[in-house]
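Understanding the architecture of this molecule
The primary structure of each chain is shown beneath.
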Amino acid sequence: MNRDEAKQILLLYRPGTADADDPEVAAALALAKDDPELSRWLAEHNARQTALREKFRQIPVLAGLREQIVSEQAAKTKAASLRGRLVGVAAVAAILVSLLMLAYTFLPRGGGPMANTLGNYKSQMTAAAQGAYSMNLLSSDAGKIQAYLAGAQAPSDYVLPAGMQNVAMTGCAVESWQTSKATMICFRAAKTLPHGQFGDVWLFVVDRSAVKDVPNLATPQLDKVNGMMTAAWTQGGKLYLLGTMGEESDIKKFL
């Protein structure tokens, strides 16, 4: 350690305090004992520190300052605690609202388990397509998709409508309906998809017997559900549900 380095360390030194216990400060003080110039500098530094300390001690303390500081600190602590409770209440409220929205979507208006009807099936599947679902398999290979669905014991022996034969697949997922499994296949009709979106056309396939009282739908039944245009039909013991955003003309080109 040289003289300039010692001065940089001793600039923070306050005489009569525990600063001298610091190893670097102790080394700088030891150097000052053997260096006359540094010793004089240190004496002047100590004198300034002592004078400043004395000046600070002479400043009168305002009446009630201590009580004001304590009360202000208590008020800040209480406000922070209140903000924390409000954030917690807001989070709980948001969760409750989400649960109510889910209940409104998936439960019949009279409450209880969702009734096994075609209308409720359409509502649940279209809500799944528009929600933050996760794909079980990301692939454009139709063979791999069918193999995965077969292994998952979901409907895999489906027949694509003529208008979907050349639409690119992006993957598949397995959805639950009552006690059965429904296949969801995602397609990309547009050139690009928004970030995080797996498809813009969805095909759901479930055993016809899984949905109660499904009529014979040889001709696709067009219907708008949850803001999505859908087409439902029956074929080969399966119930098909095709959905996309748009109007009748947008979905008819896929049939």
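Scroll up a little and you will see the structure.
Everything in this summary refers to the structure shown in the same document.

Parameters and conventions
- Along each chain, residues carry numbers from 1 onward, in the same order as the chain's sequence is written.
- Residues qualify for local features only when their pLDDT is at least 70, as the model is predicted, and side-chain atom pairs are given and counted only at 80 or more; totals for whole chains, interfaces and linings, by contrast, use all residues.
- Just so you know, side-chain values use all the structure's heavy atoms and leave hydrogens and water out.
- In this analysis the probe radius is 1.4 Å and the grid spacing 1 Å, with only protein atoms considered; a cavity is a set of points the probe fits into but cannot get out of, a pocket is an open set with protein on both sides within 12 Å along at least five of seven lines, and lining residues have an atom within 4 Å of a point.
- Grid points are joined across faces, edges and corners, and a volume is the space filled by probe spheres set on the points.
- Here a helix means four or more residues in a row that DSSP labels H or I, a strand means two or more in a row labelled E, and each is numbered from the N terminus.
- Throughout this entry, Asp, Glu, Lys and Arg are counted as charged residues, while Ala, Val, Leu, Ile, Met, Phe, Trp, Tyr, Cys and Pro are counted as nonpolar. The remaining residues, Gly among them, count as polar.
- Every case where a carboxyl oxygen of Asp or Glu lies within 4 Å of a side-chain nitrogen of Lys or Arg is listed as a salt bridge.
- Exposed residues in this analysis have more than 50% of their type's maximum accessible area, buried residues have under 20%, and partly exposed residues fall in between, with area computed by a 1.4 Å probe over protein chains only.
- Under this scheme, a helix contributes an axis fitted over its contacting stretch, all axes are lines through C-alpha atoms, and angles between N-to-C directions fall in the 0 to 180 degree range.
- Working definition: roughly parallel below 35 degrees, roughly antiparallel above 145 degrees, roughly perpendicular at 65 to 115 degrees, and oblique for all remaining angles.
- Helix crossings are classified by the rotation of the near helix relative to the far one: an anticlockwise turn of less than a right angle makes the crossing left-handed, while a clockwise turn makes it right-handed.
- Two residues qualify as a contact provided that any one of their heavy atoms is within 4.5 Å of a heavy atom in the partner residue.

**A word on the layout of surface pockets**
Left-over empty space is what a probe sized like a water molecule reveals as it rolls over the atoms. In this structure, the largest pocket occupies an estimated 220 Å³ of space. Contributing elements (two or more residues each) for the lining of the largest pocket: helix H5 (118–130) and strand E4 (201–207). Residue composition of the lining of the largest pocket, grouped by class: nine nonpolar, six polar and three charged.

**A look at the pattern of salt bridges**
Applying the stated rule across the entire model yields eight salt bridges. Note that Arg14 is salt-bridged to Asp19, the shortest N-O span being 3.1 Å. What makes Arg14 partly exposed here is its relative accessible area of 42%. Notably, a salt bridge pairs Asp157 with Lys238, separated by 3.3 Å at the nearest N-O pair. Here Asp157, found in the loop between helix H6 (142–151) and strand E2 (168–177), pairs with Lys238, found in strand E7 (residues 238–244); they are 81 residues apart in sequence, far enough to count as distant. For Lys238, a relative accessible area of 9% puts it in the buried group.

**Considerations on unusual backbone geometry**
Among all residues except glycine, the phi angle is most often negative; among peptide bonds, the trans geometry is most common. The phi dihedral of Asp213 falls on the positive side, at around 55°, and the residue is not glycine. Inspection of the secondary structure assignment puts Asp213 in the loop between E4 and strand E5 (221–225). For Asp213, a relative accessible area of 67% translates into the label exposed.

**A word on the packing of helix H1 (residues 3–10) against helix H2 (residues 23–34)**
Two elements in contact, H1 and H2, have axes whose closest approach is 9 Å; the angle formed by their N-to-C orientations is 125°. Classified by the interaxial angle, the pair formed by H1 and H2 is oblique. Between H1 and H2 lies a crossing whose hand is left-handed. Seen from H1, the contacting residues are Arg3, Ala6, Ile9 and Leu10; seen from H2, they are Glu24, Val25, Ala28, Leu29 and Leu31. Split by residue class, the contact of H1 with H2 holds seven nonpolar, no polar and two charged.

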